[in-house]
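Structure assessment
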Amino acid sequence: MSQPSQARRFLLRTHGCQMNVHDSEKVANLLCHAGLVATQDPERADLTIVNTCSIRDKAEHRLYSELGMLRNWKAAQPGRVLGVGGCVAQQEGDALLRRFPYVDFVFGTHNLRLVPTLVEASARGNRIARVDESGSLDRFDLPERHPDLEPSRPGRAYVTVMEGCDLFCSFCIVPRTRGREISRPADSIVAEAEALAAAGVREITLLGQTVNAYGRQSIDRGRARNAPHVPALVPFARLLRRLAEIQGLARIRYTSPHPLFFDEDLIRAHAEIPSLCPHVHLPVQSGADRVLERMRRRYRRGDYLRLVERLRSARPDLAITTDLIVGFPGETDADFQQTLDLIREVGFVDSFSFKYSPRPGTAAARLPQPVEPAEAQSRLEVLQALQREFTLSAHRARVGQSAEILVEGPSRRGGNQWSGRDPYHRIVNVAAGPRPTPPPGTLVQVRIVDATPHSLIGEIPVGPDPPAVMASGESVRIGAAPDEPHGYDRHHWRNAIPGA
Ligand code: SAH
Ligand code: SF4
Ligand code: F3S
């Protein structure tokens, strides 16, 4: 391998969802295995790769202005290489090479393994776009983490369990950018999780566009006939149970599930698996049946509400968050009011909300009755104001409890604070005070003392025994809170009604 001083340096710029973040981790690992070295400094980089998102119009346009800036970066030094990957790359393919003559290579969402080859080819002056869709499991065969590659999220890791989406919701570009649904063999997932746990990872997040559809090809779709291509799949809940047996994994999360794929066993898993975090991000999109139908979401408002009830009977303190779209074609004010009602009825702890953005080639892009942009904007603001009230109330309901935080690093709030997430995926900021900041990836017990609409404020309980040693990869209690071992069981988010 080349010495770091001579090795070419790469920088990855990532947009979009967790799948893209994880794809960038995979590309970084492949480049390290090919002898390149990661850098955060554009001036030192010989290779820049932009990993793109096209979920909404804005995301795509951001790429085009970014490429303008990278044109200057590339021109500033001969020999610099610029690559574009991700969902825009998958859609546009070699059109990107034509439109941006200074882009050296383009790779699609199924072609991560080709990146080192494409980098080599561009060093020889070849400009190549590879966006071949593949139904093969090969794309899951990736090398283990290179020892020179710093983990991007100490103590935490993403694990891909399935990719692609077959649902074709009418507004969504993802089935076109990520291709057909495919599940990764369970043994390979378990082996990766075991290796991560052995390397000190405490929390894994299972990733998939419809993550809880995992394994269904061989279960109810008759594709078992193609067994050589889809070996050893198990239902998603059974996969969770296998992962829960791995020593050292304190937390298991999954994202994003689709309401359609919650079976009894998955719901029971939330009652039975202690390491399965009490948080489900459950995108609903709209509270109105008329809109859900035109969105082709395959459930009705009542189905969603029943699912929420079933999940809450399994795990009463479950934190439920969601995604919402306003201004979908034909959405009336009455439809929108039903979405607001749904927010009140479920009491989402948080939500991501978006104005509908027509995407090329999707069914909804051809629907009549667009909502005026100003109207969509005002609906978004009303919705977000309502959500803020619910989030703040949910946060306030936590004050006085203790919580176990997985430390992420210095807080965005600055001021000598660090932050991390509790089991419900809420951000908790803690003032470091005179104590050393615990290392990222450590589990620390704190008491929640205050709440804002964005995060919780924690304090390390003052106790007689400050920790002697704080080892990354071990659960550490700083100070003592002997009278309050957890506090989770008593907490019900549902009681967190604004103003109550
Ligand atoms: N697979 C997930 C969603 C992935 S996309 C699911 O089925 O729930 C993430 C979110 O982006 C979606 O939940 C939706 O709220 C939003 N989104 C997707 N396409 C959009 C569009 N065309 N306009 C606005 N928001 C969109
Ligand atoms: Fe998009 Fe629907 Fe698939 Fe989610 S389930 S990725 S919203 S098509
Ligand atoms: Fe964006 Fe692709 Fe993810 S479109 S949201 S990066 S799957």
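First, a word on what this report is: a plain description of the structure on this page.

Here is what the cut-offs are and how they apply
Residues numbered from 1 in each chain as written. Chains lettered and ligands numbered in written order. Predicted model: local features only at pLDDT ≥ 70, side-chain atom pairs only at ≥ 80, totals over all residues. Heavy atoms only, no water. Pairing = 2+ DSSP bridges. Helix = DSSP H or I, 4+ residues; strand = E, 2+ residues; numbered from the N terminus. Axes fitted to C-alpha atoms, helices over the stretch in contact; angles between N-to-C directions. Buried < 20%, exposed > 50% of the residue type's maximum accessible area, 1.4 Å probe, protein only. Phe/Tyr/Trp six-rings, centres within 6.5 Å; stacked < 30°, edge-to-face > 60°.

**Details of the sheet that holds strand β13 (residues 319–326)**
Across the sheet, which stays open at both edges, the 3 strands sit in the order β12-β13-β14 with parallel pairing between neighbours. Each edge of the sheet is formed by a strand with only one pairing partner; in this case those strands are β12 (279–281) and β14 (350–355). Across the sheet, the mean angle separating the axes of adjacent strands is 10 degrees when strand polarity is ignored. Direction of pairing for β12 relative to β13: parallel, over a ladder of 3 bridges.

**Structural notes on the pairing of strand β10 (residues 203–207)**
Of all 5 residues that make up β10, 5 are buried, and the element is covered over most of its length. Going residue by residue along β10, you find E203, T205 and L207 tucked away on one face and I204 and L206 tucked away on the opposite face as well. Pairing between strand β7 (residues 156–160) and β10: 5 bridges, direction parallel. When the sheet's bridge partners are listed, R156 is paired in β10 with E203. By the bridge criterion, 5 bridges tie β10 to strand β11 (residues 251–255) in an arrangement that is parallel. Across the sheet, residue L207 finds its bridge partner in β11, namely T255.

**Notes on the packing of aromatic side chains**
Taken as a whole, this structure holds 7 aromatic pairs when the rule is applied. Pairing F328 with Y356 gives two aromatic rings, centres 5.2 Å apart and planes at 70 degrees, and the pair type is edge-to-face. Of this pair, F328 sits in the loop between β13 and α13 (333–346) while Y356 sits in the loop between β14 and α14 (373–396), placing them 28 residues apart in sequence. Its relative accessible area of 15% is what places Y356 among the buried residues. One aromatic cluster is present, built from ring pairs that chain together Y64, F100 and Y102.

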